[in-house]
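Here's the letter readout for the chains.
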Amino acid sequence: MTAPNFYELVGGEPTFRKLVDVFYEGVAEDPVLRPLYPEEDLGPANERFRLFLIQYWGGPATYSEQRGHPRLRMRHAPFVIGPAERDAWLRRMRVAVDALELDPEHEAVLWEYLERAAHFMVNADESP
Ligand code: HEM
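Residues numbered from 1 in each chain as written. Predicted model: local features only at pLDDT ≥ 70, side-chain atom pairs only at ≥ 80, totals over all residues.

Q: Please explain the overall build of the protein chain as it appears in this structure.
A: The helix and strand inventory of the protein chain stands at 7 helices and 0 strands. When the elements of the protein chain are put in sequence order from the N terminus, they spell out α-α-α-α-α-α-α. In terms of overall size, the protein chain behaves like a compact globule, its C-alpha atoms giving a radius of gyration of 15 Å where 128 residues would be expected to give roughly 14 Å. The dimensions of the protein chain, computed from C-alpha atoms along their principal axes, are 50 × 30 × 25 Å. Put simply, the protein chain has 128 residues, and 17% of those count as buried. Put simply, 75% of the contacts in the protein chain that link residues at least 6 apart link residues at least 24 apart. (Helix = DSSP H or I, 4+ residues; strand = E, 2+ residues; numbered from the N terminus. Rg over C-alpha atoms; globule rule 2.2 N^0.38 Å. Buried ≥ 20, exposed ≤ 12 C-beta atoms within 10 Å, placed from the backbone. Contact = placed C-beta atoms within 7 Å.)

Q: Could you clarify how one ought to interpret the site of the ligand in this entry?
A: Within the structure, the ligand sits among 22 residues, and Ala-45, Arg-48, Phe-52, Trp-89 and Ala-117 are positioned closest to it. Elements with a minimum of two residues in the shell around the ligand: α3 (43-56), α5 (72-76), α6 (83-100) and α7 (104-120). Looking at which element gives the most residues to the shell around the ligand, the answer is α3, with 4 residues. Across the shell around the ligand, the residue classes tally to 15 nonpolar, 1 polar and 6 charged. (Near = placed C-beta within 6 Å. Nonpolar A, V, L, I, M, F, W, Y, C, P; charged D, E, K, R; others polar.)

Q: Would you mind showing me how to read the environment of Met-93 here?
A: Relative to the elements of secondary structure, Met-93 occurs in helix α6. Residues in contact with Met-93, not counting those within four places in the same chain, are Phe-23 and Leu-114.

Q: Got a minute to help me understand the UniProt feature "binding site: heme" (unreviewed entry) in the protein chain in this structure?
A: Feature annotation in UniProt places "binding site: heme" (unreviewed entry) on His-119, given in this structure's numbering. Relative to the assigned elements, His-119 resides in helix α7. (UniProt positions renumbered as here; feature names shortened; annotations may be inferred.)

Q: What should I look at first to understand the nonpolar core in this one?
A: Soluble, globular proteins show a tendency: their nonpolar side chains are buried together. Core analysis: the biggest nonpolar cluster contains 14 residues, and Phe-16, Val-20 and Phe-23 have the highest contact counts within it. Among the secondary structure elements, those contributing two or more residues to this core are α2 (13-28), α3 and α6. No other element matches the 6 residues that α2 contributes to this core. In this view, Phe-16 contacts Arg-50, Leu-53 and Ile-54; residues no more than four positions away in its chain are not counted. (Core = buried A, V, L, I, M, F, W, Y, C linked by C-beta atoms within 7 Å.)

Q: In this structure, what is going on with the packing of α2 against α6? I would like to understand it.
A: Helix packing geometry: the angle between the two helix axes and the distance between the axes. The interhelical angle for the contact between α2 and α6, taken along N-to-C directions, is 145°, at an axis separation of 8 Å. Here α2 runs over α6; the crossing is right-handed. Note on element contacts: α6 touches α2 through Arg-92, Met-93, Val-95, Ala-96, Val-97, Ala-99 and Leu-100, opposite Thr-15, Lys-18, Leu-19, Val-22, Phe-23, Gly-26 and Val-27. Taken together, the residues that form the contact of α2 with α6 break down as 10 nonpolar, 2 polar and 2 charged. (Axes fitted to C-alpha atoms, helices over the stretch in contact; angles between N-to-C directions. Left-handed = near helix turned anticlockwise from the far one by under 90°.)

Q: Honestly, α2 in this entry has me stumped. Any pointers?
A: Taking 1.5 Å as the rise per residue, α2 with 16 residues should run 22 Å; its terminal C-alpha atoms sit 22 Å apart, in good agreement. When α2 is considered as a whole, its buried residues turn out to be Thr-15, Phe-16, Leu-19, Val-20, Phe-23, Tyr-24 and Val-27. Seen end-on, α2 carries its buried residues on one side only, within an arc spanning 155°. (Expected span 1.5 Å × (residues − 1). Arc of directions from axis to C-beta.)

Right, dumping it as structure tokens:
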């Protein structure tokens, strides 16, 4: 028996499904974020993000089987992500994380990661 990983500890697939579903509900009505998404249907973007997070936290590696190496900075290069986009993303993500009602310890781990990753994705000084 190996110790449960973070993916298992927080409830596995349903937890990440809920996180990303609530996040994309927010994106759908966000005037800063929604125009960035190239497709009208947010479903495929939802699935890519969910599979990425599942893989990152120790669940099945379906993301890389379908998409290859994440290369997230490179994949975000087509989108102008300045401080305003980053902050809008984090606001929507905060709502999604709160909806999970995780143990405070797990919530802090997840949030610190998301905050750090969002800052890492910034590729422009100013919003257009
Ligand atoms: C894809 C925006 C931060 C993970 C995308 C896409 C957009 C976007 C517009 C394309 C949607 C699509 O898949 O068709 C943003 C903005 C961010 C941000 C504005 C603000 C900082 C992040 C962070 C992560 C992340 C922090 C990871 C923790 C992903 C993944 C994809 C994606 C996994 C799909 C990549 C692929 O396989 O093509 N993002 N993103 N994003 N984003 Fe972000």
